[in-house]
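Listed here are the chains, written in short residue letters.
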Amino acid sequence: MAEQILILDFGSQYTQLIARRVRELNVYCEIHPYNKIPEITSDIKGVILSGSPCSVRDEGSPDVDLSLFRKKLPLLGVCYGAQLMAQKNGGNVTPSTIREYGRAKLSEINHDTDLMNGFTPNSQVWMSHGDTISALPEDFEIIASTPSVKVAAYKVKNEMTYGIQFHPEVTHSLDGKALIKNFVVDICGCKQDWTSSLFVETTVEQLKAQLGNDKVVLGLSGGVDSSVAAMLIHKAIGKNLYCIFVDNGLLRKNEFEEVLASYKDMGLNVKGVDAKQKFYDALANISDPEGKRKAIGRVFIEVFDDESHQIEDVKWLGQGTIYPDVIESVSVKGPSATIKSHHNVGGLPDYMKLKIVEPLNTLFKDEVREVGRTMGIPETIIGRHPFPGPGLAIRILGDITPDKVQILQEVDHIWIKGLKDAGLYDQVWQAGAILLPVQSVGVMGDERTYERVIALRAVTSVDGMTADWSHLPYEFLGEVSNDIINKVKGVNRVVYDISSKPPATIEWE
Ligand code: XMP
C-alpha cells in the first residue's frame, strides 16, 4: 500500500477539496468519517482533521480520541479540527463577535514555522466560521493572525501538531497550496510518488491476486468510468473479463457502433447486445421521468442478467464506481436526499450473487481520466462529456417513441459536432439537446409550420453538483440553430437554456 495521509471528516463541505489538494501533490490520501477511524498503520504519515458545520460548544458535537495519533504522527486541524484540539486541551472557543466569512489577510505570520514557509506578507486566506479560539492552551503558540482573528494558526511547542482557522484547501486562500505542501511533504515527509502509472501498476497486481483465474462480467456504458475500470481489469485477467455493452436505443447517433469498435480496438472481450426494442416496449406510454428511469433500470437488469448467465461460472461483477460515490455513501452527512434516482439506474440486484470488484473506488474523476490516458484509452472516450444512464429518454420530455429518439439523435449530432468543429467542446463540461413536448408556429417558404421546439443545453461545471450555463458565442448558437431547423424535419424552433444549477438541474428531467 502507498504511504498516505488520513483525513478525518467532521462533515465540512470542503473535506473533499482537502483530499484533492493532497492528491495534486502526488500523495495518496483517504477520507474517513471521524467516528469510523481506520487502524493507524505505518502507511499513514500524517492526519488532517477537517472543518465541520457543527460548533465544538454544542453538546454531542463530533469528537475524536486524539491520543490515537497525537504526538505519534504530524497532525493538522483545519477550522473545526483546530478548535476541537484547542478546546480539548484546555483552550477556549467562543462565538465570533464579528462575521468571519470570506476573504481575510494574515497580518502577522511567523515565518520560522515550517507550516507557514513561503507565505507572502498579508497573504489572503478564506475564513468560514461562527466560532473563534479566544484562548489557547499552554504550550500552544500563535503562528499567524489576521486583524480580527488572533489565533488564525497555531503550533503546539515541540510537537508536529498544528491548527489553522482558515481553509487552505479553497483556492481563495492564495498560499493554501503551499501550506498543504509544507504539511504533507516537509512535515509528514511524504515522497510524492503516487502517480497514475504507479496506480495502474499496483492496481493490476492487486487485481491479479484478488481475481486469480475467476471470470468477471462488466457492463460498459461508453462512459469514462466503466471503460477505465474495464481496461484495468482487462490488464489483470485478459479474456476472463467479459464485457457487455447494451444498445438501449437511447444512445447518441451512431454511438453504439462507434464505441463498440473502439472497445474492440482496445482489445476488450466485449459483446454488443441490441436490446433497443425491449427498451422501447417497456417505455411505451410512460411520461413520468422517474417511471422512465425505473423502466430502463429494470430492462437493463433483465438484459444484463440474461447475458451474464450465458457466461459459465462467472464469479465477479466489475463496476466503475468512483471515490465521490463512495465518500457520499459513508460520509458524516450520509447519502444526500434523492432528487433524481440517478445513479441507482443500472444498479444490479443482490440475487445475482456476484462478488463486486471496483478498481476505481479510490479515485476522483480527473484521476480516472489520467489513469485512462496512462493506459492508452483513446481521447474520444476519455474526453467525452458525461451522459446520463437513461440517455435520451430523459431528454425527450413526455413519452418515448423511436421517431422522437431519431429526431433528437439528429439534433444532438448537429449540436455536438458543431461544438467540436468550433473548438468549444472541451470548454463545456456537458452538452445535450432536449426535445420539448410543445409545438410552435413557424413559417418555412410560404408555408405555415406547426412543429417541435428544441432546447439546447451546455454547462460549465467541476463535478456536476453545481453548474452554470455556458456563455457560448451568439454567432455560433445562431449557426447551430439554423443548421438544426434546416436539416431536421419536424423541428422549427431552437431555444438556449440559460439556467444555472441550482436552482435548475443539468438535465430537464
Ligand atoms: P442533474 O440533472 O441532476 O444531473 O443536474 C447531474 C449529472 O448527472 C447526470 N444524470 C444522470 N446520470 N443516470 C445517470 O447515470 C440518471 O438518471 C441521471 N440523471 C442525470 C446528468 O447528465 C449530469 O451529468
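## Topic: the overall build of the protein
Line of reasoning, step 1. Helix and strand counts for the protein stand at 13 helices and 19 strands.
Line of reasoning, step 2. For 509 residues, the compact-globule estimate of 2.2 N^0.38 gives 23 Å, and the C-alpha radius of gyration of the protein, at 26 Å, lies within 12% of that figure.
Line of reasoning, step 3. Projecting the C-alpha coordinates of the protein onto the three principal axes gives extents of approximately 85 × 60 × 40 Å.
Line of reasoning, step 4. Here the protein holds 509 residues, and 55% of them are scored as buried.
Line of reasoning, step 5. The long-range share in the protein, meaning contacts at least 24 apart out of those at least 6 apart in sequence, stands at 74%.
Line of reasoning, step 6. For the protein, the exposed surface amounts to about 23,400 Å²; the carbon and sulfur share of it is 49%.
Line of reasoning, step 7. When the 53 basic and 67 acidic side-chain charges of the protein are each reduced to a single mean position, those positions are 1 Å apart.

## Focus: the pairing of strand 17 (residues 447–461)
Line of reasoning, step 1. Relative to strand 17, strand 16 (residues 430–444) runs antiparallel, the two being bridged by 12 bridges. Looking at strand 17, one finds that Val-441 is bridged to Tyr-450.
Line of reasoning, step 2. Between strand 16 and the antiparallel strand that follows it, strand 17, lie two residues; Gly-445 among them carries a positive phi value of about 65°.
Line of reasoning, step 3. Note: strand 17 against strand 19 (residues 491–496), five bridges, orientation parallel.

## Notes on helix 10 (residues 365–374)
Line of reasoning, step 1. Regarding helix 10, the residues found buried are Glu-367, Val-368, Arg-369, Val-371 and Gly-372.
Line of reasoning, step 2. Next to the buried residues of helix 10 lie helix 1 (15–24), helix 4 (196–211), helix 5 (224–237) and helix 11 (379–382).
Line of reasoning, step 3. Count one or two residues on from helix 10 and you reach Gly-376, which has phi positive near 80°.

## Some points on the sheet that holds strand 2 (residues 28–33)
Line of reasoning, step 1. Pairing is mixed in the open sheet, where eight strands are placed in the order 2-1-3-4-10-9-8-6. Each end of this open sheet is capped by a strand with a single partner; those strands are strand 2 and strand 6 (108–109).
Line of reasoning, step 2. Taken together, the three bridges between strand 9 (residues 153–156) and strand 10 (residues 161–164) define a ladder with antiparallel strand orientation. From the neighbouring strand, Tyr-154 faces strand 10, where its bridge partner is Gly-163.
Line of reasoning, step 3. Lying over the sheet, helix 1 contacts strand 1 (4–9), strand 2 and strand 3 (44–49), oriented at roughly 165° with respect to strand 2.

## Some words on the side chain of Ser-470
Line of reasoning, step 1. One can find Ser-470 in the loop between strand 18 (467–469) and helix 13 (474–487).
Line of reasoning, step 2. On the basis of relative accessibility, which here comes to 3%, the residue Ser-470 falls in the buried class.
Line of reasoning, step 3. Beyond its immediate stretch of four places on either side in the chain, Ser-470 contacts Val-428, Ala-458, Val-459, Thr-460 and Tyr-496.

## Here's the deal with the sheet that holds strand 15 (residues 355–357)
Line of reasoning, step 1. A sheet is described by the order of its strands in space; here five strands give the open sequence 13-12-11-14-15, paired in parallel fashion. Looking at which strands have only one partner, the edges of the open sheet turn out to be strand 13 (270–274) and strand 15. Here the average twist between neighbouring strands, direction ignored, is 30°.
Line of reasoning, step 2. Relative to strand 12 (residues 241–247), strand 11 (residues 215–220) is paired through five bridges, and the arrangement is parallel. Bridge pairing links Gly-219 to Ile-244 in strand 12.
Line of reasoning, step 3. Together, strand 11, strand 14 (314–318) and strand 15 form the strand contacts of helix 4, whose direction differs from that of strand 15 by roughly 170°.

## Thoughts on the domain arrangement of the protein
Line of reasoning, step 1. Domain boundaries in the protein define domain 1 (4–187), domain 2 (196–382) and domain 3 (401–496).
Line of reasoning, step 2. The C-alpha-based centres of domain 1 and domain 3 are spaced at 47 Å.

## Observations regarding the nonpolar core
Line of reasoning, step 1. Core analysis: the largest hydrophobic core is formed by 50 residues, its most contacted members being Trp-415, Leu-419, Ile-454, Leu-456, Leu-472 and Ile-484.
Line of reasoning, step 2. The element that contributes the greatest number of residues to this core is helix 12 (residues 402–421), accounting for eight residues.
Line of reasoning, step 3. Those residues in contact with Ile-484, other than ones at most four positions away along the chain, are Val-411, Ile-414, Leu-456, Val-491 and Val-494.
Line of reasoning, step 4. Counting residues in each nonpolar core, the second largest holds 41 residues, with Tyr-263, Trp-316, Val-357 and Val-371 among its members.

## Considerations on the pattern of salt bridges
Line of reasoning, step 1. Under the definition given, this model contains 26 salt bridges.
Line of reasoning, step 2. In this structure, Lys-88 engages Asp-63 in a salt bridge whose closest nitrogen and oxygen atoms are separated by 2.7 Å. Of this pair, Lys-88 sits in helix 2 (residues 80–88) while Asp-63 sits in the loop between strand 3 and strand 4 (75–78); the two residues are 25 residues apart in sequence, bridging distant segments of the chain.
Line of reasoning, step 3. Classification of Lys-88 by relative accessible area gives partly exposed; the value is 37%.
Line of reasoning, step 4. Residue Glu-302 is joined to Arg-298 by a salt bridge in which the shortest nitrogen-to-oxygen separation is 3.9 Å.

## Observations concerning the packing of helix 1 against helix 3 (residues 176–187)
Line of reasoning, step 1. At a minimum axis separation of 10 Å, helix 1 and helix 3 run at an interaxial angle of 70°. In this view, helix 1 runs roughly perpendicular relative to helix 3, as classed from their interaxial angle. The crossing of helix 1 and helix 3 is right-handed. Taken together, the residues of helix 3 that come into contact with helix 1 (itself represented by Arg-21, Val-22 and Glu-24) are Lys-177, Ile-180 and Val-184.
Line of reasoning, step 2. Residue classes in the contact of helix 1 with helix 3 are distributed as three nonpolar, no polar and three charged.

Cut-offs and rules
Sequence order as written defines the numbering, with residues in each chain counted from 1. Two thresholds apply to this predicted model, a pLDDT of at least 70 for residue-level local features and 80 or more for giving and counting side-chain atom pairs, whereas whole-chain, interface and lining totals are computed over all residues. Values reported for side chains reflect all heavy atoms of the structure, with hydrogen atoms and water molecules removed beforehand. In DSSP terms, a helix is any run of H or I states spanning at least four residues, a strand is any run of E spanning at least two, and both are numbered starting from the N terminus. For the radius of gyration, the atom set is restricted to C-alpha positions; the globular benchmark scales as 2.2 Å times the number of residues to the power 0.38. Exposure classes here rest on a 1.4 Å probe applied to the protein chains alone. A residue is buried below 20% of its type maximum, exposed above 50%, and partly exposed in between. Working rule for contacts: check all heavy atoms of both residues, and any pair within 4.5 Å makes them a contact. Computed by Shrake-Rupley with a 1.4 Å probe, the accessible areas treat only the displayed protein chains as cover when residues are assessed. Charge convention: Lys and Arg are scored as positive, Asp and Glu as negative, and His as well as the terminal groups of each chain are ignored. Every charge is mapped to an atom, namely NZ of Lys, CZ of Arg, CG of Asp or CD of Glu. DSSP bridges decide pairing: two strands pair if at least two such bridges lie between them. Geometry is summarised by axes, namely lines fitted to C-alpha atoms with helices restricted to the contacting stretch, and by angles between N-to-C directions that run from 0 to 180 degrees. Segment limits for the domains were obtained from an automatic or database-derived domain assignment. Residues belong to one nonpolar core when they are buried, are Ala, Val, Leu, Ile, Met, Phe, Trp, Tyr or Cys, and are joined through side-chain atoms within 4.5 Å. Salt bridges are counted wherever a side-chain nitrogen of Lys or Arg sits within 4 Å of a carboxyl oxygen of Asp or Glu. Should an angle lie under 35 degrees it is considered roughly parallel, over 145 roughly antiparallel, and from 65 to 115 roughly perpendicular; all remaining angles are considered oblique. The hand of a helix crossing depends on one turn: near helix anticlockwise from the far one by less than a right angle means left-handed, and clockwise means right-handed. Residue polarity is assigned by list, with Asp, Glu, Lys and Arg as charged and Ala, Val, Leu, Ile, Met, Phe, Trp, Tyr, Cys and Pro as nonpolar; anything else, Gly included, falls into the polar class.

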